[in-house]
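These are the residues of each chain, in order.
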Amino acid sequence: MNAGSIDKGSAIKLGLAVALLVVAVIWLVLHWGAMFGRVQDKSIAVFQVPHLVGVDPTQPISQNNPADNAAKGMYIAYDFASEQGKLWIYVHPNDPTYHMTALFQERFSRRRPPQWVTQLRAMSDPVDRAIFFAARRGLGGLSAWLRSAGATSEQMAKVKTAWGVYHDWLVLFNQQQHDGTAAPNALAAMQQAFAAYQKTPGDIFKDRTKQQAARQAYATGMAYVNRIDAIRNQHLQQLSDSIKATLKDSQKTGLSDAITKMLNRFGPG
């Protein structure tokens, strides 16, 4: 065997080794999260967004209608931004009767389905899934889903009555959130953690103590949001039970099939 053939054979082996190495690296990159888990970013950024009101609150703010910092309707939204989304904590400094509230806005991600999809899939009864989904879109959305499943006029009259009971409660519950009586324990914890964050000095991006205070405010804020959702879901379940009592098996099957097809658009659960 001459030197040329040895060099050629070595080159083939080297090329094959390189190709296998490239394939291995690509596979490792694609499966890194499954093998080792994705490192979660737990840092919190906080942004303050004031919502001002003019001296004449019925008109937009302008040179002739300057902002009134003492206006009762003025409020400040604190955006606690995390990898999962934004926790908005609303503070009304000029209105002591309007208590702190919070709202969570999930961050869009192609890697996971929306939170409401995950919540619906966690429910064991597909009919509940359909009613919960439709009811969140108001009486119009609920009526459309029920009619598509073959609900009769008599059934829809009973549904409308059940919806009225739920809607009246929901209006009262929203008012209770404003006056601080909807979830008082969760609210007190959120207020305490938020006040501690406000009092903690330093740069949130540089000082560990400030960052930790922000994380605690975020955690208690999310606990408040989850408590509010849990109470609302209890009453949605009562609404769902009332509606299911009026439905035939074939109508329940229609709702189950419809919600299953809709959720399947978000990939396997």
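Above this note sits the structure.
For every chain, the first residue of the written sequence is number 1, and numbering continues from 1 along that sequence. Thresholds applied to this predicted model are a pLDDT of at least 70 for local features of residues and 80 or more for the giving and counting of side-chain atom pairs; totals over whole chains, interfaces and linings are not thresholded and use all residues. Heavy atoms from the whole structure form the basis of all side-chain values; hydrogens and water molecules are not counted.

Tell me about the packing of aromatic side chains, and please be specific about residues and values.
Between rings of Phe, Tyr and Trp, where Trp is taken as its six-membered ring, a pair exists when centres lie within 6.5 Å; planes separated by under 30 degrees are stacked, by over 60 edge-to-face, and by other angles tilted. For the structure shown, the criterion picks out ten aromatic pairs. Taken together, a centroid distance of 5.4 Å and an interplanar angle of 85 degrees make the contact between Trp-116 and Phe-266 edge-to-face. Within this pair, whereas Trp-116 is found in helix 2 (residues 115-121), its partner Phe-266 is found in the segment after helix 8 (249-264), the two being separated by 150 residues in sequence. Taken together, Tyr-78, Phe-80, Phe-194 and Tyr-197 form an aromatic cluster joined through their ring pairs. As a reminder, the over-ring test applies to NZ of lysine and CZ of arginine, requiring each to be within 6 Å of the ring centre and within 35 degrees of the ring normal. In this arrangement the basic side chain of Arg-137 is found over the ring face of Trp-116, its NZ or CZ atom lying 5.7 Å from the centre. By the criteria applied, helices consist of DSSP H or I runs no shorter than four residues and strands consist of E runs no shorter than two, each listed in order from the N terminus.

Tell me about the environment of Thr-58, and please be specific about residues and values.
By the secondary structure assignment, Thr-58 is in the loop between strand 1 (45-51) and strand 2 (75-81). Within the structure, the side chain of Thr-58 is placed 2.7 Å from the side chain of Asp-56, a separation counted as a polar contact. Polar contacts here mean pairs of N or O atoms no more than 3.5 Å apart (in protein, one a potential hydrogen donor and the other a potential acceptor; neighbouring residues in sequence count only if both atoms are side-chain atoms).

Just give me the short version of helix 5 (residues 153-179), but keep the residues and values in it.
The end-to-end C-alpha distance of helix 5, which contains 27 residues, comes to 39 Å, matching closely the 39 Å that a straight helix rising 1.5 Å per residue would cover. Throughout this description, buried means an accessible area under 20% of the type-specific maximum (1.4 Å probe, protein chains only), exposed means over 50%, and partly exposed covers the range between. Taken together, the buried positions of helix 5 are Gln-155, Met-156, Val-159, Ala-162, Trp-163, Tyr-166, Trp-169, Leu-170, Phe-173 and Gln-177. Throughout, a contact is declared for two residues whenever any of their heavy atoms are within 4.5 Å. Buried residues along helix 5 sit against strand 4 (101-106), helix 3 (126-135), helix 4 (138-148), helix 7 (208-244) and helix 8. Downstream of helix 5 by a residue or two, Gly-180 has a phi angle that is positive, lying close to 85 degrees. What a helix should span is 1.5 Å times the count of its residues minus one.

I'd like a rundown of helix 6 (residues 184-199), residues and numbers included.
Taking 1.5 Å of rise per residue, the 16 residues of helix 6 would be expected to cover 22 Å, and the 22 Å separating its terminal C-alpha atoms lies within 8% of that figure. Every buried residue of helix 6 is listed here: Ala-186, Leu-187, Met-190, Ala-193, Phe-194 and Tyr-197. One side of helix 6 holds all its buried residues, which, seen down the axis, span an arc of 135 degrees. The exposed residues of helix 6 that point more than 90 degrees off its buried face are Asn-185, Gln-192 and Lys-199. Taken together, the buried residues of helix 6 touch strand 1, strand 2, strand 3 (85-91), strand 4 and helix 7. The arc in question is the one traced by the directions running from the helix axis out to the C-beta atoms.

Describe the side chain of Thr-246, with residues and values.
Take Thr-246: it is sitting in the loop between helix 7 and helix 8. According to the relative accessible area criterion, Thr-246 is buried, its value standing at 18%. Those residues in contact with Thr-246 that sit more than four places away from it in its chain are Gln-155, Lys-158, Val-159 and Gln-251.

Break down the pairing of strand 3 for me, with residues and values.
Along a regular strand, successive side chains alternate from one face of the sheet to the other. Counting buried positions along strand 3 yields six of seven residues, so the element is predominantly enclosed. Two strands pair when backbone bridges link them, and strand 2 and strand 3 are joined in this way by six bridges, in the antiparallel orientation. Paired with Tyr-78 across the bridge in strand 3 is Ile-89. By this definition, two strands are paired if DSSP reports at least two bridges between them. In this antiparallel pair of consecutive strands, strand 2 and strand 3, the connection spans three residues. By the bridge criterion, six bridges tie strand 3 to strand 4 in an arrangement that is antiparallel.

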